Amino acid sequence: MENTNQSKVSSICIPDSTVIQQAVHRMVRDRNRSQQLLLASAAPSICSINAIGKALLQPELASFYTDLSSYGERALNESLPSLSFGLYRKFGDIGERKLYEDAYFERRGRLAAIALLAVDSNAPRWIETLEDMLWDVCGEYTWCLPAHLGSGGVEQVNGNIDLFAAETVHMLAEIVTIHADRLDARIIQRIRAEAERRIFTPLYREQRTYHWQDAEHNWSAVCSGCCGMAGLLLLEEEAILTESVGQAIRSMQAFLSGYGMDGGCAEGIGYWVYGFGYFVYYADMLREYSKGELDLLNGSKIAAIAAFPLRVHLSGGTFVNYSDSAEQQEIPSGLLSLLASRFGIQIDLPFHIPLFTDDPCHRWAHLLRNVMWSSPAMYLQEKGAVPAERVIILEDLGWMIAKGALDSPSAELTGDKPLAVAFSVKAGHNDEPHNHNDLGQFMIHCGGENILCDPGAGLYTQAYFAPGRERLFHISSAGHSVPRIEGKEQSSGREAQAQILEATVSDDDRTLDACLELTAAYPEATSLARYTRQLHWSGSANDAGSVAELRLKDRFQWKNRVASSSSTLNSVGELNRSNVTERFMSRKVPEIVHEGQIQWHGERATVCMTYDANQWQADIEIINTVDHYNVPVTFYRTSLEWREQSDNSSAGSDETDLLETMCELKFTIEPK
């Protein structure tokens, strides 16, 4: 079965221009009537100041509110950090982006905190501080990040709309709508003028073309959704609002075409939150404004996308994290609650409203909707030890996940619940959004930890998205549990593609057999004829047994060739078995118990790997790097190097025969 994503078909019914025009006409007519009658219904429910005030007092928001208040007090008493030219120029000059972005997101965070806290305060100081912050943000040279502006010259700034310019206009539009009756008229006028100059004129009036408008990844949803929500809130001309709605719907269609019918997100769970989150936020506001006439939240594909985070959740808030995603990911509780209500999804995550300071970017859309939509009733109160869906095969995406449960040896004495255990392997191709060269990458999970892990996202720098990025640790196949063949790493590009030859699940869903064809990932390994990775996952015989097992068989077939005179082999006539190095990535320190056995000790379980020490030589490397947030992190790369064999016993006599190198491994996962 080749992974070609053939099912990425049209997934929402695009209303024709007449339907959009009629719906927008009614939206504008109803809004004008409400404004004439001074009715609060002119604003969407998400922007109701009374509803926000009540929501902030709900007991489940107590920790959020305490965190918000602490942050807000500091914001009230300190000046906004400056976005100086010295910070602005760093990306264009040396490729460094974090210092500017730290100041930028701190400004957005302080504005968000004051805007929320001012809802519940009539003290003039809060509104005055809010007005000063709004004025200051309106005066920024650009709302874009320098990393999205090339060299950052004025010609690259004017009219440019990136993710964060779009987020900013949306944030300002909702804040000014919430506080419309309390803000000075000149603040409101300036926000409208800046939104018009920076966003509405280039995008809707001049109809400039932007790279993200037809992108099949998060940019199309975030940019079109944020600009579209700002348009719904601020645009008054029916023709321009019609253009806004039409553009947004077309971009949302492009975004959804990046998903297959399995609902899998190639960018990973973090970008599911980002891209699909903003799709949902726009769709919800559009549905409310149009009184259900324009409803994008429907259909089986949308339902499958909505279920993605729960399918890739392993246990304890830890996820399958291929691509640029983190193992531990905060899923906005408001977003999950809305999707659970709309699609009947059972949320098996612990109910947790993220704190205000949990998101370093302080995204307004998530914050406000966590306040307004989070519902404990949407979460399962009692989680079963055995997952409802044991084996998930995302055929379009090329991900396979198997889940189970293991009994703790001390369960009878301690009453401990069974430990979640899981395994995942990835196919796909090496030209995916936020791509890592990781075909055949697998991970082993137990007790809330990915013991054999994926490195996730590295620190975003200029080099991270530049040609040659595949040499970076987080992106290279050298940072993943895949082999190096003839000294060559996996190549980048769409042609480097895995084929799923087998994906078989037992009748009781306790075993998964998979086989991947991975030859195309190594075009520079010139002696390689074929490489396949075969995996057999076996859960316990009972609902919760004591051991899980993964068997891995890598088969390397070599082209028939005569050894050169410089060969280390014994005679000119022998077939040369080429070099292979298997690698396994972990954050846990590996322990070589003895030749032929290596262990990784997690907090609650141990993974033991056995191998043929006569054929493979073990080695351990320590890799010190930084994560996505520039925090130091240490990985351990456990390698098995093929020991050269001097005999020719496995070579065939016919010139067309292929010499094979075989690596057979057994991983056992046992609770402590």
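Remember, predicted model here, so these are calculated numbers, not experimental data.

Draft legend 1. Expanded view of the environment of isoleucine 161. In this fold, isoleucine 161 is placed in the loop between helix H7 (154-157) and helix H8 (163-178). In this structure, the C-alpha to C-alpha distance between isoleucine 161 and histidine 148, residues 13 residues apart in sequence, is 9.2 Å. When neighbours within four sequence positions are excluded, isoleucine 161 is seen to be in contact with Cys144, Ala166, Arg198, Ile199, Leu203, Tyr210, Trp212 and Cys227.

Draft legend 2. How the structure looks around the nonpolar core. Counting residues in each nonpolar core, the largest one holds 146 residues, and the members touching the most others are Phe64, Val245, Trp272, Phe276 and Phe279. In contact with tryptophan 272, other than residues within four places in its own chain, are Tyr259, Cys265, Gly277, Ile305, Ala306, Phe308, Pro309, Ile331, Leu335 and Leu339. If you look at the next biggest cluster of nonpolar residues, it comprises 53 residues, including Leu452, Val482, Phe556 and Ile598.

Draft legend 3. Representation of unusual backbone geometry within the structure. Unlike most non-glycine residues, glutamate 486 shows phi in positive territory, near 55°. Mapped onto the elements, glutamate 486 comes out in the loop between strand E9 (484-485) and strand E10 (493-497). Of note in this structure, aspartate 509 is not a glycine but carries a positive phi near 65°. Structurally, aspartate 509 can be placed in the loop between strand E11 (499-505) and strand E12 (511-517).

Draft legend 4. Structural context of the packing of aromatic side chains. This structure, assessed with the given rule, holds 32 aromatic pairs. The interplanar angle of 65° and the centroid separation of 5.8 Å between the aromatic rings of phenylalanine 442 and phenylalanine 667 together place this pair among those described as edge-to-face. Residue phenylalanine 442 is found in strand E7 (residues 442-446), and its partner phenylalanine 667 is found in strand E21 (residues 659-671); the two are separated by 225 residues along the sequence. Of the two residues, phenylalanine 442 and phenylalanine 667, both sit in the buried class. Ring geometry for tyrosine 460 versus phenylalanine 465: centroids 4.9 Å apart, planes at 75°, classification edge-to-face. Take phenylalanine 465: its relative accessible area is 42%, and that puts it in the partly exposed class. Here the aromatic cluster, defined as three or more aromatic residues joined through ring pairs, consists of Tyr88, Tyr100, Tyr104, Phe105, Tyr141 and Phe164. The ring of tyrosine 71 carries the charged tip of arginine 74 above its face, separated from the ring centre by 5.0 Å. For arginine 369, the ring lying beneath its charged end belongs to tyrosine 281, and the centroid distance is 5.0 Å.

Draft legend 5. Spotlight on the packing of helix H12 (residues 269-289) against helix H13 (residues 300-311). The contact between H12 and H13 brings their axes to 10 Å, and the two run at 140°. In terms of orientation, H12 lies oblique with respect to H13. In the packing of H12 onto H13, the handedness of the crossing is left-handed. In this structure, H12 contributes Ile269, Trp272, Phe276 and Phe279 to the contact, and H13 contributes Ile302, Ile305, Ala306, Phe308 and Pro309. The class makeup of the residues in the contact of H12 with H13 is 9 nonpolar, no polar and no charged.

Draft legend 6. View of helix H3 (residues 62-77). Taking 1.5 Å per residue, 16 residues should reach 22 Å; H3 reaches 23 Å between its end C-alpha atoms and fits that length. The elements touched by buried residues of H3 are helix H2 (49-56), helix H5 (98-117), helix H6 (124-138) and helix H15 (364-373).

Draft legend 7. Main features of the sheet that holds E21. Taken in spatial order, the 8 strands make up an open sheet running E11-E12-E13-E14-E21-E18-E17-E16, and their pairing is antiparallel. The open sheet has two free edges, formed respectively by E11 and strand E16 (590-594), since each of these has just one partner strand. On average, each strand axis in the sheet is inclined to that of its neighbour by 15°, with strand direction left out of account. Note: strand E14 (residues 548-558) against E21, 11 bridges, orientation antiparallel. In the sheet register, phenylalanine 556 faces E21, and the bridge partner there is threonine 661.

Draft legend 8. Just the confidence of the model for the protein, in detail. Averaged over all residues, the pLDDT of the protein is 90; the fraction at 70 or higher stands at 90%. In the predicted structure, residues 1-7 sits below a pLDDT of 50 and forms 23 contacts with residues beyond four places in sequence or in another chain. Contacts for the low-pLDDT stretch residues 646-656, under 50 throughout, to residues beyond four places or in other chains number 11 contacts.

Draft legend 9. Here's a closer look at the side chain of serine 315. Secondary-structure assignment places serine 315 in strand E1 (residues 313-315). Leave out the neighbours within four places in its chain, and serine 315 touches Ala420, His445, Gly447 and Gly448.

Draft legend 10. How the structure looks around H12. Over its 21 residues, H12 runs 29 Å from end to end, which matches the ideal 30 Å to within 8%, given 1.5 Å per residue. Within H12, 19 of the 21 residues are buried, which leaves the element mostly enclosed by the surrounding structure. Lysine 291 lies just past H12 and shows a positive phi near 55°.

Calculation criteria
- All residue numbers refer to positions counted from 1 along the written sequence of the respective chain.
- Restriction of local features to residues with pLDDT of at least 70 applies here, the model being predicted, together with a cutoff of 80 or more for giving and counting side-chain atom pairs; totals for whole chains, interfaces and linings are based on all residues.
- By convention in this description, side-chain values take in all heavy atoms of the structure and omit both hydrogens and water.
- Helix and strand definitions follow DSSP, with helices as H or I runs of at least four residues and strands as E runs of at least two, each counted in order from the N terminus.
- Contacts are assigned to residue pairs with any non-hydrogen atoms lying within 4.5 Å of each other.
- As used here, the term nonpolar core means buried Ala, Val, Leu, Ile, Met, Phe, Trp, Tyr and Cys residues forming a set that is joined through side-chain atoms within 4.5 Å.
- A simple rule labels every residue: compare its accessible area, found with a 1.4 Å probe on the protein chains alone, to the largest value its type can have, and call it buried under 20%, exposed over 50%, or partly exposed in between.
- Classification of ring pairs rests on two measures: the distance between centres of Phe, Tyr or Trp rings, Trp counted by its six-membered ring, which must be within 6.5 Å, and the angle between planes, read as stacked under 30 degrees, edge-to-face over 60 and tilted in between.
- Two thresholds decide whether a charge sits over a ring: the Lys NZ or Arg CZ must be within 6 Å of the ring centre and within 35 degrees of the ring normal.
- Lines fitted to C-alpha atoms define the axes, with helix axes restricted to the stretch in contact, and inter-axis angles between N-to-C directions lie between 0 and 180 degrees.
- For this classification, under 35 degrees means roughly parallel, over 145 means roughly antiparallel, 65 to 115 means roughly perpendicular, and everything else is oblique.
- The crossing is said to be left-handed when, going from far helix to near helix, the turn is anticlockwise and less than a right angle, and right-handed when the turn is clockwise.
- Classification convention: Asp, Glu, Lys, Arg as charged; Ala, Val, Leu, Ile, Met, Phe, Trp, Tyr, Cys, Pro as nonpolar; all other residues, Gly among them, as polar.
- Helix span, expected: 1.5 Å multiplied by one less than the number of residues in the helix.
- Strands are treated as partners if at least two bridges between them are detected by DSSP.
- pLDDT expresses, on a scale from 0 to 100, how confident the predictor is about each individual residue.

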